[in-house]
Amino acid sequence: NESRRDPTWITHGEAMSLDPLQQSPILFDAEAVHLAGTAQWLALTKVTIDFSEYGRTLVLPANSSIGSFALFAFNWTGGGGTQGNHS
């Protein structure tokens, strides 16, 4: 993937630390795919973040003078996928 090929990407360090035959980067998950289409069923929380030199996301104190604001989806709020199948 591009993160492994291009050392200028902030995700390069993380990508190189993973064995692609056994793990995938944390940036690829079901929640991210869902959020790309809709925020329905997600509780979005405003946080202050920055990135380490290896591309890891750092959550900073709300009153931090560095970093940027971002919306994070920490929890699902509902929807069929959270109900489970109890039959």
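Residues numbered from 1 in each chain as written. Predicted model: local features only at pLDDT ≥ 70, side-chain atom pairs only at ≥ 80, totals over all residues. Heavy atoms only, no water.

## Examining the overall build of the protein
Move 1: When helices and strands are counted, the protein shows four helices and three strands.
Move 2: Evaluated residue by residue, the protein yields a buried proportion of 21% over its 87 residues.
Move 3: Restricting to contacts in the protein with at least 6 residues of sequence separation, those with at least 24 account for 39%.
Move 4: Within the structure as shown, the protein displays about 6,700 Å² of accessible surface, and the carbon and sulfur contribution to it stands at 57%. (Helix = DSSP H or I, 4+ residues; strand = E, 2+ residues; numbered from the N terminus. Buried < 20%, exposed > 50% of the residue type's maximum accessible area, 1.4 Å probe, protein only. Contact = heavy atoms within 4.5 Å. Areas by Shrake-Rupley, 256 points an atom, 1.4 Å probe, with all protein chains shown as cover.)

## Some remarks on a nonpolar patch on the surface
Move 1: Nonpolar side chains collect at one region of the surface, where L35, L44 and L71 lie side by side and expose about 250 Å² of accessible area between them.
Move 2: You can see L71 is positioned in strand β3 (residues 68-76). (Patch = residues over 30% accessible without salt bridge, like charges linked within 9 Å, V, L, I, M, F, W, Y side chains within 5 Å. Salt bridge = Lys/Arg side-chain N within 4 Å of Asp/Glu carboxyl O.)

## A short note on the confidence of the model for the protein
Move 1: Chain-level statistics for the protein give a pLDDT mean of 79 and a share of 82% at 70 or above.
Move 2: Here residues 82-87 is a poorly scored stretch, pLDDT under 50, and it has one contact once near neighbours within four places are set aside; other chains count. (pLDDT = per-residue confidence, 0-100.)

## Brief notes about the packing of aromatic side chains
Move 1: Evaluated as defined, the whole model comprises one aromatic pair.
Move 2: When the ring centre of F69 is taken as origin, the NZ or CZ atom of K46, which lies over that ring, is 4.4 Å away. (Phe/Tyr/Trp six-rings, centres within 6.5 Å; stacked < 30°, edge-to-face > 60°. Lys NZ or Arg CZ within 6 Å of the ring centre and 35° of its normal.)

## Considerations on the sheet that holds strand β2 (residues 57-60)
Move 1: Pairing is antiparallel in the open sheet, where three strands are placed in the order β2-β1-β3. The strands lining the two open edges of the sheet, one partner per strand, are β2 and β3. This sheet shows a mean twist of 60° between the axes of neighbouring strands, independent of strand direction.
Move 2: Pairing geometry for strand β1 (residues 42-51) and β3, over eight bridges, is antiparallel. The partner of T45 across the bridge, within β3, is F72.
Move 3: The strands touched by helix α3 (residues 30-37) are β1 and β3; relative to β3, the strand with the most contacts, the crossing angle is about 110°. (Pairing = 2+ DSSP bridges. Axes fitted to C-alpha atoms, helices over the stretch in contact; angles between N-to-C directions.)

## Some words on the environment of H12
Move 1: Following the sequence through the fold, H12 ends up in helix α2 (residues 12-17).
Move 2: Residue classification places H12 among the buried positions, given a relative accessible area of 18%.
Move 3: Spatially, the C-alpha atom of H12 lies 7.2 Å from that of G55, the residues being 43 residues apart in sequence.
Move 4: Residues within four places of H12 in sequence aside, it is in contact with S3, R4, D6 and P7.

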